[in-house]
Amino acid sequence: MKLRLLLKILMRRLILQGICNECSFQCGALCLCTYELIHHSVFFACTCSELVTSYSHHLVKKHDMLLDMLFESGTYKKLYSYKHLINGFSVHTTAEQAEALRRAPGVRSVERDWKVKRLTVHTPQFLGLPMGVWPTGGGCDRAGEDIVIGFVDSGIYPHHPSFATHNTAPYGPLPKYRGKCEIDPDTKRSFCNGKIIGAQHFAAAAVASGAFNPSVNYASPLDGDGHGSHTAAIAAGNNGIPLRMHGFEFGRASGMAPRARIAVYKALYRYFGGFVSDVVAAIDQAVHDGVDILNLSVGPNSPPATTRTTYLNPFDATLLSAVKAGIFVVQAGGNGGPFPKTLVSYSPWITTVAAAIDDRRYKNHLYLGNGKTLTGLGLTPATLSNRTFTLVAANDVLLDSSVMKYSPSDCQRPEVFNKNLVKGNILLCGYSFNFVVGSASIKKVSETARALGAVGFVLAVENVSPGTKFDPVAVGMPGILITDTSKSMDLIDYYNSTTSRDWTGRVKSFKATGSIGDGLKPILHRSAPQVALFSSRGPDIKDFSFQDADLLKPDILAPGALIWAAWSPNGTDEADYLGEAFAMVSGTSMAAPHVAGIAALVKQKHPKWSPAAIKSALMTTASTFDRAGKGMQAQQYSSSETMTLVPATPFDYGSGHVSPRAALDPGLVFDAGYVDYVNFLCATPGIDLSEIANFTSSSCKTYHGGHPSDLNTPSIAISHLVGTRTITRTVTNVAEEETYTITTRMSPEIAIEASPPAMTLLPGASRKFTVSLTVRSVTGSYSFGQVLMKGSRGHKVRIPVVAMGYY
């Protein structure tokens, strides 16, 4: 059996301040100083110089020499050399060869490859961007100017108007970005146009696995899924793009940073997702090319089992090096909610995003002839006003020969029905498990109903599997999805009681009637945002045995439910939008690019801020209240497995819902860097110190003890609090001189106190403060609180606190 492996080769690094200062002068944010000791001489390189190219070639030759020395030619296939962020390579080989590599001198670790999965018309207004944020950066025509956002995703559809340049100011050259643009093998045209500044694809592991199919996966950056085009448009799509479907306009689409550049690194594919080998290669290339922000709407299927610690694997280690190079990394938190410990983004150097429902909701109504009104979903027009139509069930209008061949109640095939019985009526269909797995679609129901001459259709849900989410789907004819099973039974009872049959069960006459309302206009709710049911929850875990980490995750909440954005006509990720130019999709995949785009606006205003400073600005200014001024709520399951609302906690939303305008001027930031993250790893109990050296090329020898909660994050999390613990945080003033008063709040089971109670900071100055937590009583559950710093100039800096007390 062949294996794909990620190897980290023994490599020493030396950071000399003078050389790195020169490197920073040449490269800006991207400064990686490396050295090689050859014949007692030291050779240095930084990633933007000619030396780095030579050094990269040197590493590739080292990788090839090792493989050639160990194995016969033709018995293995090297897929990638990783030479910018980690020193290693990916190889397709046998289990026996993998073991030989593991024992080879100079090899630090061998990891088996694993799979990863894919984890806006209204949201710019919901987030206050047009009036509150874009004007500060020169308006929507300049929002995100010269910021490059890299997307490791399923590619892009370059011909979409969200990425067009013919109606925008010309995009000039951007020397800091060094990426390349692949040529479409079919059209012979470049995938880039100025807005799209880079486009590459990575599929070596997918090809080696046998999962890659060129006819549907495309050996190019072309999006064969839809997901990549959608996420890119959310973060950086053009402003004011008319969103039209089926003859209706649903508004005008815009990205969060409509002037930002898009760099595409395709590593995800139709049907199977992707492999970490390809994703790591894409990230490695993106950072070398010079992206400012990296959006990852992708994550593992489960905690990595190859390493004991969730933070230490090739994927997270690569991202740590990316952050070291000055790249702000955003990752989707996962769609395993509403259950605890379902996050698939673990590390402190990554900004983990949860998904919220915004204030826009779509509803529709089915009006029955017996006077009952049933609510449901249906982004569709109404049936003719002041008219009712006969209801006919799919199973009652079948052609006899087709009964046993298909699942007729799904209404996916018009040829199995008697058109004479359906024409002019409303077709009743059943929502089966086929819709959940994607083999049936609402789009296909509408096409069937139209082909049969029906005036509309109804889909009734009789059984709900836990975790099933129902989204309204835009179709061009009247239709409604009844999601409440009790309402579906009302419909079925009415239909059966009014339908007369002969002794064989065949219908003699259809007497049930009804009409479908207009579902095209959204309803705006003040009880928003809410944490979406599907959004993965904390607490964060530190190992694959699901032990709680002393790190709060997710970090932040952003819109991720029913998000309109660009789609690829080739896209198959959502069966209801096959062939469409836009799609309305839900997931933390949609929440992450909201934060990536907003981070681009922060980066534009504060180009010298570190990734940790940008993350801090987003987190400390986030809101924990909804639009009605009440504490935010989270969707959750009740005991009967129906959806209900409960008070949200930091394990649902992190620091709160992103507030872009406040994030541009946070007052104070909690900064951290590479050394701080290594110290965090050194402080984490149970970590094998050799693993830290393997994945970071750094040692814990200079570490003098402490606790993971000592990391200077804008949050505090302690999973095992005994007695009293005092945590220190350092804040840096990024505004004018200001005096801050510090107040605290915590659940009564744990006492909290901050010191000093007030402090004054000059511009650019840093100050330390402490937070002491003391166990008062043990409840067996987490307690939640906050530290709030109010500035004399109006700034508010808030950090969440979570802790579980033990005797």
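Here's what I pulled together on the structure shown here. Note that this is a predicted model, so its numbers are computed, not measured.

The rules behind each value
Residues numbered from 1 in each chain as written. Predicted model: local features only at pLDDT ≥ 70, side-chain atom pairs only at ≥ 80, totals over all residues. Heavy atoms only, no water. Pairing = 2+ DSSP bridges. Helix = DSSP H or I, 4+ residues; strand = E, 2+ residues; numbered from the N terminus. Axes fitted to C-alpha atoms, helices over the stretch in contact; angles between N-to-C directions. Phe/Tyr/Trp six-rings, centres within 6.5 Å; stacked < 30°, edge-to-face > 60°. Buried < 20%, exposed > 50% of the residue type's maximum accessible area, 1.4 Å probe, protein only. Lys NZ or Arg CZ within 6 Å of the ring centre and 35° of its normal. Salt bridge = Lys/Arg side-chain N within 4 Å of Asp/Glu carboxyl O.

### Some thoughts on the sheet that holds strand 42 (residues 783-791)
And then number 1: If you trace the five strands from one edge of the open sheet to the other, you get 36-43-42-38-40, paired in mixed fashion. Bordering the open sheet on either side are strand 36 (716-722) and strand 40 (758-761), each of which pairs with just one other strand. Sheet twist, expressed as the average angle between the axes of neighbouring strands with direction ignored, equals 25°.
And then number 2: Pairing of strand 38 (residues 738-746) with strand 42, which is carried by seven bridges, proceeds in the antiparallel orientation. Paired with Thr 743 across the strands is Leu 788, a residue of strand 42.

### Quick look at the packing of aromatic side chains
And then number 1: Taken as a whole and assessed by the stated rule, the structure comprises 15 aromatic pairs.
And then number 2: Taking 6.1 Å as the distance between ring centres and 35° as the angle between the ring planes, the aromatic pair formed by Phe 272 and Phe 275 counts as tilted.
And then number 3: For Phe 272, a relative accessible area of 13% gives the class buried.
And then number 4: Assessed through its relative accessible area of 5%, Phe 275 is described here as buried.
And then number 5: Ring centres of Trp 349 and Tyr 677 lie 5.8 Å apart, and the angle between their planes is 65°; this geometry places the pair in the edge-to-face category. Here Trp 349, found in the loop between strand 16 (328-332) and strand 17 (351-357), pairs with Tyr 677, found in helix 19 (residues 674-683); they are 328 residues apart in sequence, far enough to count as distant. For the residue pair Trp 349 and Tyr 677, the accessibility class agrees, reading buried in each case.
And then number 6: Positioned over the ring face of Tyr 171 is Arg 259, at 3.8 Å from the centre of the ring.

### Here's the deal with the pattern of salt bridges
And then number 1: Scanning all chains against the criterion turns up 15 salt bridges.
And then number 2: A salt bridge links Glu 99 to Arg 103; the nearest nitrogen and oxygen atoms lie 3.7 Å apart. You can see Glu 99 and its partner Arg 103 sitting in helix 3 (residues 95-103), four residues apart, about one turn around the helix.
And then number 3: For Glu 99, a relative accessible area of 33% corresponds to the partly exposed category.
And then number 4: Put simply, Arg 261 and Asp 146 hold a salt bridge, and the shortest N to O gap is 3.9 Å. A residue pair is termed long-range when its members are at least 10 positions apart, and Arg 261 in strand 12 (residues 261-266) and Asp 146 in the loop between helix 5 (129-132) and strand 8 (148-153) qualify at 115 residues.
And then number 5: Taken together, the shared-partner salt bridges connect Lys 443, Lys 444, Glu 447 and Glu 580 into one network.

### Observations concerning the pairing of strand 17
And then number 1: Of all seven residues that make up strand 17, seven are buried, and the element is covered over most of its length.
And then number 2: By the alternation rule, side chains of strand 17 split into Thr 351, Val 353, Ala 355 and Ile 357 and Thr 352, Ala 354 and Ala 356, which are all buried.
And then number 3: Two strands pair when backbone bridges link them, and strand 16 and strand 17 are joined in this way by three bridges, in the parallel orientation. Bridge pairing links Gln 331 to Thr 352 in strand 17.
And then number 4: As paired elements, strand 17 and strand 30 (residues 556-559) share four bridges and run parallel to each other.

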